Amino acid sequence: MKQTLKKRLCLVLVCIVLAGVVAVAFAACNDGGQGGGDGDTAAEVTVTLTVGDADGVTLTTDARYLYDALEDYCAESGIVLEGEEGVYGFYITRIGDLVNGQGGYIMIYHDMDDLTLYTPGYDTERDGKTYHSSSVGVSSLPLRDGASYLIILANA
């Protein structure tokens, strides 16, 4: 009887510890991404956006991803933004004067030092700054406070 009670107590203790570990894991996964913990609101960030040969513009937004910020910026500025949803998210086919097929294709670059967001070795330089080729699409590329984003037409 004593052995059975000890086994049951150990089993209960193990279950409590496992429940705690699972709760912590879910809490860590549900950080809400950019800024908040509720998953619905993002912290306001200030980023620099450069499209083609134009000067960079500073945007302050509560958007989570580059696509959302681009959509708002282009609508407010009267810039054409066209594309299509693909397997990997939204694919830009035109932004302003940059159009896929005019001797190149639209490339997205950023200056975030996060290996999960770029492919090493595919960098470009602009105004003394190194930009990394994004390894994710614009609808998956997070906005980070202070980051710079570059959209250019790369040679085919």
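How each quantity is defined
- Residues numbered from 1 in each chain as written.
- Predicted model: local features only at pLDDT ≥ 70, side-chain atom pairs only at ≥ 80, totals over all residues.
- Heavy atoms only, no water.
- Helix = DSSP H or I, 4+ residues; strand = E, 2+ residues; numbered from the N terminus.
- Buried < 20%, exposed > 50% of the residue type's maximum accessible area, 1.4 Å probe, protein only.
- Core = buried A, V, L, I, M, F, W, Y, C linked by side-chain atoms within 4.5 Å.
- Pairing = 2+ DSSP bridges.
- Salt bridge = Lys/Arg side-chain N within 4 Å of Asp/Glu carboxyl O.

**Student:** Honestly, the environment of glutamate 85 in this entry has me stumped. Any pointers?
**Tutor:** Within the fold, glutamate 85 resides in strand β3 (residues 81-86). A residue is classified by how much of its surface remains accessible, and glutamate 85, at 61% relative accessible area, is exposed. A sequence separation of 54 residues divides glutamate 85 from serine 139, and the C-alpha atoms of the two residues are 9.4 Å apart.

**Student:** It is not clear to me how the side chain of threonine 50 should be interpreted in this structure. Could you clarify?
**Tutor:** Tracing the chain through its elements places threonine 50 in strand β1 (residues 45-51). Overall, threonine 50 belongs to the buried group, its relative accessible area being 8%.

**Student:** Please clarify how the nonpolar core should be interpreted in this entry.
**Tutor:** If you look at the biggest cluster of nonpolar residues, it comprises 26 residues, and the most contacted ones within it are Ile95, Tyr149 and Ile151. Residue assignment for this core shows that the elements contributing at least two residues are β1, α2 (66-77), β4 (89-95), β6 (104-110) and β9 (148-155). The element contributing the most residues to this core is α2, with six residues. Judged by nonpolar contacts, the second largest core, of six residues, contains Tyr131, Leu150, Ile152 and Ala154.

**Student:** How should the sheet that holds β3 be read in this particular structure?
**Tutor:** Pairing between sheet strands relies on hydrogen bonds along the backbone, with the strands arranged either parallel or antiparallel. Judged by pairing direction, the sheet is antiparallel, and its three strands sit side by side in the order β3-β4-β5 without closing on themselves. Each edge of the open sheet carries a strand with a single partner, namely β3 and β5 (98-99). The pairing of β4 with β5 spans two bridges and is antiparallel. What sits directly across from arginine 94, in β5, is valine 99.

**Student:** Whenever I open this one, the pattern of salt bridges confuses me. Can you help?
**Tutor:** Between side chains of opposite charge, a pair can form as their charged atoms come close. A complete count under the given rule lists two salt bridges for this structure. Note that aspartate 111 is salt-bridged to lysine 129, the shortest N-O span being 3.2 Å. Taken together, the positions of aspartate 111 in the loop between β6 and β7 (118-126) and lysine 129 in strand β8 (residues 129-134) put the pair 18 residues apart, joining distant regions of the chain. With a relative accessible area of 22%, aspartate 111 lands in the partly exposed category. Overall, the relative accessible area of 31% leaves lysine 129 in the partly exposed class. Ionic pairing is found between aspartate 114 and arginine 144, a salt bridge with its closest N-O pair at 3.1 Å. One end of the pair, aspartate 114, is in the loop between β6 and β7; the other, arginine 144, is in the loop between β8 and β9, with 30 residues separating them in the sequence. We classify aspartate 114 as buried; its relative accessible area is 18%. Residue arginine 144 is classed as partly exposed on the basis of its relative accessible area, which comes to 32%.

This is a description of form; function is not addressed.
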